[in-house]
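Read off the chains here:
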Amino acid sequence: MSTPSLKTIIEGALFAAGGPLTLEQLQELFAEEERPERGALLAAIETLAADYVGRGIEIAAVAGGWRVQVRALVAPWVGRLWDERPARYSRALLETLALIAYRQPITRGEIEDIRGVAVTTAIIKTLTEREWIRIVGHRDCPGRPALFATTRKFLDYFSLRSLNDLPPLAEIRDPAFLADEMDLDLRGSLRSEPGPTATPR
Amino acid sequence: MSTPSLKTIIEGALFAAGGPLTLEQLQELFAEEERPERGALLAAIETLAADYVGRGIEIAAVAGGWRVQVRALVAPWVGRLWDERPARYSRALLETLALIAYRQPITRGEIEDIRGVAVTTAIIKTLTEREWIRIVGHRDCPGRPALFATTRKFLDYFSLRSLNDLPPLAEIRDPAFLADEMDLDLRGSLRSEPGPTATPR
Amino acid sequence: MGSAQQELPFALVQGAPYLTLPLDLYIPPDALEVFLDTFEGPLDLLLYLIKRQNLDILDIPIAVITDQYIEYIDLMQGLKLELAAEYLVMAAMLAEIKSRMLLPRPESLAEEEDDPRAELIRRLMEYERFKQAALDLDALPRLERDLFAVHAHLPAGHLTRIPPPVDLRELLMALRDVLARADLFTSHRVEKESLSLRERMSMVLDRLCGGQFVNFTALFDLTEGRAGVVVSFLAILELIRSATLELVQLEPFAPIHVRLREARAGGDPSDQEEE
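Residues numbered from 1 in each chain as written. Chains lettered and ligands numbered in written order. Predicted model: local features only at pLDDT ≥ 70, side-chain atom pairs only at ≥ 80, totals over all residues. Heavy atoms only, no water.

Draft legend 1. Highlighting the overall build of chain A. A count of helices and strands for chain A gives 9 helices and 5 strands. Counting from the amino terminus, chain A carries its helices and strands in the arrangement α-α-α-β-β-α-α-β-α-α-β-β-α-α. Burial status across chain A gives 51% buried among its 201 residues. For chain A, restricting intrachain contacts to residue pairs at least 6 apart in sequence, the fraction spanning at least 24 positions comes to 53%. (Helix = DSSP H or I, 4+ residues; strand = E, 2+ residues; numbered from the N terminus. Buried < 20%, exposed > 50% of the residue type's maximum accessible area, 1.4 Å probe, protein only. Contact = heavy atoms within 4.5 Å.)

Draft legend 2. Just the interface of chain A and chain C, in detail. At the junction of the two partners, chain A supplies 60 residues and chain C supplies 43 residues. Summed over both sides, the interface of chain A with chain C buries roughly 4500 Å², with 64% coming from carbon and sulfur. Among the ionic pairs, glutamate 144 of chain C bridges to arginine 130 of chain A, the shortest N-O distance being 3.4 Å. Counting across the chain A and chain C interface gives 13 residue pairs in polar contact (both at pLDDT 80 or more). Among the elements that take part in the side of chain A that touches chain C, helix H5 (residues 91-103) of chain A stands out by supplying 9 residues, more than any other. When grouped by side-chain class, the residues that make up the side of chain A that touches chain C number 37 nonpolar, 6 polar and 17 charged. Pairing between strand S2 (residues 65-70) of chain A and strand S3 (residues 148-149) of chain C: 2 bridges, direction antiparallel. The residue bridging glutamine 69 of chain A from the neighbouring strand is alanine 149 of chain C, located in S3 of chain C. (Buried area = accessible area lost by both parts, 1.4 Å probe. Salt bridge = Lys/Arg side-chain N within 4 Å of Asp/Glu carboxyl O. Polar contact = N/O pair within 3.5 Å; in protein donor to acceptor, adjacent residues only side chain to side chain. Nonpolar A, V, L, I, M, F, W, Y, C, P; charged D, E, K, R; others polar. Pairing = 2+ DSSP bridges.)

Draft legend 3. Expanded view of the sheet that holds strand S5 (residues 146-150) of chain B. All names here are of chain B. Strand order in the open sheet made by the 3 strands is S3-S5-S4, with antiparallel pairing throughout. The sheet is open, and its two edges are formed by strand S3 (106-107) and strand S4 (133-138), each paired on a single side. In this sheet, S5 lies alongside S4 in antiparallel orientation, the contact comprising 5 bridges. Bridging across to S5, isoleucine 133 finds its partner in threonine 150.

Draft legend 4. Helix H3 (residues 62-78) of chain C, seen in detail. Residues and elements named next belong to chain C. Compared with an ideal rise of 1.5 Å per residue, which puts 17 residues at 24 Å, H3 spans 24 Å between its outermost C-alpha atoms and is within 8% of the ideal. Every buried residue of H3 is accounted for by Ile62, Ile65, Thr66, Gln68, Tyr69, Tyr72, Ile73 and Met76. Buried residues in H3, looked at end-on, bunch into an arc of 165°, giving them a common side. (Expected span 1.5 Å × (residues − 1). Arc of directions from axis to C-beta.)

Draft legend 5. Spatial organisation of the pairing of S5 of chain B. Residues and elements named next belong to chain B. Where burial is concerned, most of S5 is hidden: 5 out of the 5 residues are buried. The alternating pattern of S5 places Ala146, Phe148 and Thr150 on one face and Leu147 and Ala149 on the opposite face, and all of these are buried. Bridge count for S3 against S5 is 2 bridges, and the pairing is antiparallel. Bridge pairing in S5 places threonine 107 opposite leucine 147.

Draft legend 6. Fine view of helix H5 (residues 91-103) of chain B. All names here are of chain B. Its 13 residues give H5 an end-to-end C-alpha distance of 18 Å, which sits within 8% of 18 Å, the value for a rise of 1.5 Å per residue. Most of H5 sits out of view: 11 of its 13 residues are buried. For H5, the full list of buried residues reads Leu93, Leu94, Glu95, Thr96, Leu97, Ala98, Leu99, Ile100, Ala101, Tyr102 and Arg103.

Draft legend 7. Structural detail: the sheet that holds S2 of chain A. With antiparallel pairing, the 3 strands of this open sheet are ordered in space as S1(A)-S2(A)-S3(C). The open sheet has two edge strands, strand S1 (57-62) of chain A together with S3 of chain C, and neither has a second partner. As judged from the 6 bridges shared by S1 of chain A and S2 of chain A, these two strands associate in the antiparallel manner. Pairing of valine 62 of chain A across the sheet is with glycine 65 of chain A, part of S2 of chain A.

Draft legend 8. Geometry of the environment of leucine 163 of chain B. Mapped onto the secondary structure, leucine 163 of chain B falls in the loop between helix H8 (152-157) and helix H9 (169-173). Classification of leucine 163 of chain B by relative accessible area gives buried; the value is 1%. Expressed as a C-alpha distance, the spacing of leucine 163 of chain B and arginine 152 of chain B, which sit 11 residues apart in the sequence, is 9.8 Å. When near neighbours in sequence (up to four residues on either side) are disregarded, leucine 163 of chain B contacts Ala101, Gln104, Thr150, Phe154 and Leu155 of chain B together with Leu195 and Glu199 of chain C.

Draft legend 9. Spatial organisation of the packing of H5 of chain B against helix H7 (residues 121-129) of chain B. Residues and elements named next belong to chain B. Running from amino to carboxyl end, H5 crosses H7 at an angle of 60°, the nearest separation of the two axes being 10 Å. Here H5 and H7 pass one another in a crossing that is right-handed. Along its contact with H5, which presents Ala92, Leu93, Thr96 and Leu97, the element H7 presents Ile123, Thr126 and Leu127. In the contact of H5 with H7, the residues fall into 5 nonpolar, 2 polar and no charged. (Axes fitted to C-alpha atoms, helices over the stretch in contact; angles between N-to-C directions. Left-handed = near helix turned anticlockwise from the far one by under 90°.)

Draft legend 10. Seen up close, the packing of aromatic side chains. Within this structure, the stated rule accounts for 18 aromatic pairs over all chains. Aromatic pair tyrosine 157 of chain A and phenylalanine 158 of chain A: ring centres 5.6 Å apart, planes at 65°, arrangement edge-to-face. A single burial state applies to tyrosine 157 of chain A and to phenylalanine 158 of chain A, both of which are buried. A cation over a ring is seen here: arginine 130 of chain B above tyrosine 157 of chain B, with NZ or CZ 5.0 Å from the ring centre. (Phe/Tyr/Trp six-rings, centres within 6.5 Å; stacked < 30°, edge-to-face > 60°. Lys NZ or Arg CZ within 6 Å of the ring centre and 35° of its normal.)

Shown next as structure tokens:
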């Protein structure tokens, strides 16, 4: 039995893993003395990805590493494998999730201020159980409210490599008559948008 | 967006299914008027299988239909994905196991009533595969739900001679019980939750 | 973002989409409930009112919008629909802005800095950004809807899946959490219940798991002594009570047989278990 090529091994692993694999995880498939360099791994992944162009599946880079996924093009057919329709999320949930994604870390109260309505416990629970958000700390103010942030699972689920890949927030139109007064305020909120390194661990 | 080819759709479905698919199941992915003939499907599967010759995965005919599997040649490497760092069981699984131990024989519905949330099939499957629980009968009520009980293996694993060696419920309920006895040791093990570095399933 | 007005149906009434509200503001009562579900709060409703009339968010005719908003609120209250308190707070705020707008402003103050609408406009714009962000998020390709994870089968023999270790104390801790959540366990009955009884119930069920009839007496192990026999007896009674087992006696004084209550054919008292 000949030794299979690096590419073949990686292919088997990516297809079997059921989720994204990092370079480190791929390296660990090999015994210490035969462990490939990161460069060699990356090259193999690239070749693999090229092999799958135009097929029913593709190799995608997401926050958690590389993942093989069934392409969106065939989703209308493949989705029929399962009886249930894919979950649809309410506007309330999506707005809450968007606020957490773009403004993390953020408290429930701050979300409510922007949305103008209460955030139900059910929404927070659903987002937490899906492991899309988690508590990353508590604000140091009365009541010590929890600070929410998104997780890597959130990024993986929405096919994002980092928070930077989120669609850009709409620009604030500069209201002439408010210009001076609001300047600081708006700049302030813009600054807190996810920076390039804001990818949660 | 052009309509993907039959082969592309089948490829997507076989890879997404997570188990073998029959010709009938594949046919059902298509609306009635565009449903392919068995012959056309078989031809597409054959072409697909040929595409994967010499790669890290293959399309194999098994009793239940066609299935995507890791080639035996690379399996020794791929198998290491699950080698190290066994994942930890979820709180939901431990609660389910504890309830089966203390309230056996018990149905899934009864466990759900007490926990207040659904018990997933995956949890029951994991506990059954580990041979810690088994079905010992069925309750004579609508649906004839299975009754679960713990096994000899369960007792052995936890070094119990019988269920009577488990502490009485009243003792567990005492807030002092776990606080004193379990101290740092447990804290330590709880802290070592799996990181977001997706431990492959 | 604001230029293209979205022609999303504002409500669906008996399947027909309503793109605009009737001018006289009459809405069938059914639609009003849809209405409340359709809007995510007072800001959302205000945005709708503004967009519907192609008004510029930066220069809201506050009197008009306030009147319309309050008409909606009155209507909904008139129909006794439960209205979130936030809607009323907004109504009060609008009324206040309106009255401030009506007051003559001293010339000395730069009017830019004194526009009573400023805070409202800021909030509306901020909300609108995230309303759009939510739509964008929803449009991203996501797992389970647009994309699917692949699962290749790993041939047997290569999988040395190490099951996670579990500490007994961890198990008990989990149980304590459930107990804390479930009042069910406060009943004395459960607390007093002996685990040996439950264990015995499982053992009895195990003996019967084939679905065959078993001689009643064969379920007792006399070597266990009196206590053991009593536990077995109680276990069987408990299982009969919960309709898990059934007792069968073909004729008076004939041996009593026990089996799982399961509509399974092929069981006959004569093919009792060999002992």
